[in-house]
Amino acid sequence: TQLLEQSPQFLSIQEGENLTVYCNSSSVFSSLQWYRQEPGEGPVLLVTVVTGGEVKKLKRLTFQFGDARKDSSLHITAAQPGDTGLYLCAGGSLVAGGTSYGKLTFGQGTILTVHP
Amino acid sequence: KAGVTQTPRYLIKTRGQQVTLSCSPISGHRSVSWYQQTPGQGLQFLFEYFSETQRNKGNFPGRFSGRQFSNSRSEMNVSTLELGDSALYLCASSSPGLAGSTSTDTQYFGPGTRLTVL
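This structure is a prediction, so every number in the text was calculated from the model and none was measured. (Residues numbered from 1 in each chain as written. Chains lettered and ligands numbered in written order. Predicted model: local features only at pLDDT ≥ 70, side-chain atom pairs only at ≥ 80, totals over all residues. Heavy atoms only, no water.)

Draft legend 1. Up close: the overall build of chain A. The secondary structure content of chain A amounts to 0 helices and 11 strands. Reading chain A from its N terminus to its C terminus gives the helix and strand order β-β-β-β-β-β-β-β-β-β-β. Its C-alpha atoms give chain A a radius of gyration of 14 Å, within 12% of the compact-globule value 13 Å for 116 residues. For the C-alpha atoms alone, the extent of chain A along its principal axes is close to 50 × 30 × 20 Å. Burial status across chain A gives 46% buried among its 116 residues. (Helix = DSSP H or I, 4+ residues; strand = E, 2+ residues; numbered from the N terminus. Rg over C-alpha atoms; globule rule 2.2 N^0.38 Å. Buried < 20%, exposed > 50% of the residue type's maximum accessible area, 1.4 Å probe, protein only.)

What follows is the structure, encoded as structure tokens:
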């Protein structure tokens with residue numbers, strides 16, 4: 001069974017601060033996706049990383065996929081109140097043929113609150 | 001492109017009843033996955049359909065079933081509802097690459113159906 005450990009579970013910070021969310025596993029994933037979810041809504045895709053060591057930047061957000069494709073991190077620079085939400089990492093499983101057959105394994109999520 | 005749509009958005013049922021939820025994927029996407037989200041368990045995979053065939057299934061009882069139509073729209077059904085089935089049910093669509101490729105299988109989620117079982 002593949003598991004993704006996400007930390008921290010809760011983050012409460014002031015506007016302008018930096019933060020990092022971690023996603024770790026003992027399993028190798030074919031891809032790693034990060035989502036943000038608002039209450040009562042579905043997760044919205046932020047980024048997908050597929051190559052070990054890959055770094056992607058999306059404005060103030062920086063995503064990194066570990067060299068061994070077992071871990072990932074999300075770093076937010078100068079957080080803003082609009083960044084508040086539930087952040088989820090999700091890994092695609094390695095199944096025969098290299099496709100995950102629709103199954104993403106999710107971390108438990110990080111609830112981020114950015115105070116003005 | 002229109003996103004993933006789910007109907008209904010909210011449902012209230014009583015124990016023992018059954019329920020059918022509907023999902024329309026992004027145009028051109030042939031894979032539809034279903035997830036259950038609860039505060040205690042987070043997001044858990046239910047099953048995935050591709051070209052009207054169930055290719056993958058999570059660890060849920062047989063009361064949870066699904067199907068996919070030729071236009072890629074999908075439905076999931078829960079029979080004999082229990083209180084513990086109260087959750088946000090999410091569907092996601094993707095456009096998988098060829099088997100053997102390094103497809104990312106990026107999934108795009110709908111807004112979900114909030115099911116409350118009384």
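Draft legend 2. Looking closely at the state of the cysteines. Enumeration according to the criterion identifies 2 disulfides over all chains in this entry. In this model, Cys23 of chain A is linked to Cys89 of chain A through a disulfide, with the two sulfur atoms separated by 1.9 Å. Measuring the twist about the S-S bond at about 75°, one finds the Cys23 of chain A-Cys89 of chain A disulfide to be right-handed. Note that Cys23 of chain A is positioned in strand E3 (residues 19-24) and Cys89 of chain A in strand E9 (residues 85-92), a separation of 66 residues in sequence. Take Cys89 of chain A: its relative accessible area is 0%, and that puts it in the buried class. Put simply, Cys23 of chain B and Cys91 of chain B are joined by a disulfide, and their sulfur atoms are 1.8 Å apart. (Disulfide = S-S within 2.5 Å.)

Draft legend 3. Structural detail: the sheet that holds strand E7 (residues 61-65) of chain A. Residues and elements named next belong to chain A. Taken together, 5 strands build an open sheet; the order of strands is E1-E3-E8-E7-E6 and the sheet is antiparallel. Each of the sheet's edge strands pairs with one partner strand only, and the pair in question is strand E1 (5-7) and strand E6 (55-58). Shown here is a sheet whose adjacent strand axes are inclined to one another by a mean of 15°, direction ignored. (Pairing = 2+ DSSP bridges. Axes fitted to C-alpha atoms, helices over the stretch in contact; angles between N-to-C directions.)

Draft legend 4. Broad picture of the packing of aromatic side chains. Under the defined criterion, the tally for this structure stands at 9 aromatic pairs over all chains. Plain terms: the ring middles of Tyr35 of chain A and Phe109 of chain B are 5.3 Å apart, the flat faces sit at 90° to each other, and that makes the pair edge-to-face. With one member in each of two chains, Tyr35 of chain A in strand E4 (residues 31-37) and Phe109 of chain B in strand E10 (residues 108-109) form a pair that bridges those chains. The buried category is assigned to Tyr35 of chain A, whose relative accessible area is 0%. Classification of Phe109 of chain B as buried rests on a relative accessible area of 10%. Aromatic side chains Phe106 of chain A and Tyr35 of chain B sit 5.6 Å apart centroid to centroid with 85° between the ring planes, which places their arrangement in the edge-to-face category. (Phe/Tyr/Trp six-rings, centres within 6.5 Å; stacked < 30°, edge-to-face > 60°.)

Draft legend 5. Structural view of the environment of Ser79 of chain B. Residue and element names in this part refer to chain B. Mapped onto the secondary structure, Ser79 falls in the loop between strand E8 (74-78) and strand E9 (87-94). Distance from Ser79 to Thr20, taken between C-alpha atoms, is 8.8 Å for residues 59 residues apart in sequence. Setting aside anything within four residues of it in sequence, one finds Ser79 in contact with Gln17, Gln18 and Arg63. (Contact = heavy atoms within 4.5 Å.)

Draft legend 6. A look at the pattern of salt bridges. Residue and element names in this part refer to chain B. Tallying each qualifying case throughout the model produces 9 salt bridges over all chains. In this structure, Glu48 and Arg55 form a salt bridge, with 2.7 Å as the shortest nitrogen-oxygen distance. Owing to a relative accessible area of 28%, Arg55 belongs among the partly exposed residues under this scheme. Counted as one network, the salt bridges with shared partners bring together Arg63, Glu82 and Asp85. (Salt bridge = Lys/Arg side-chain N within 4 Å of Asp/Glu carboxyl O.)

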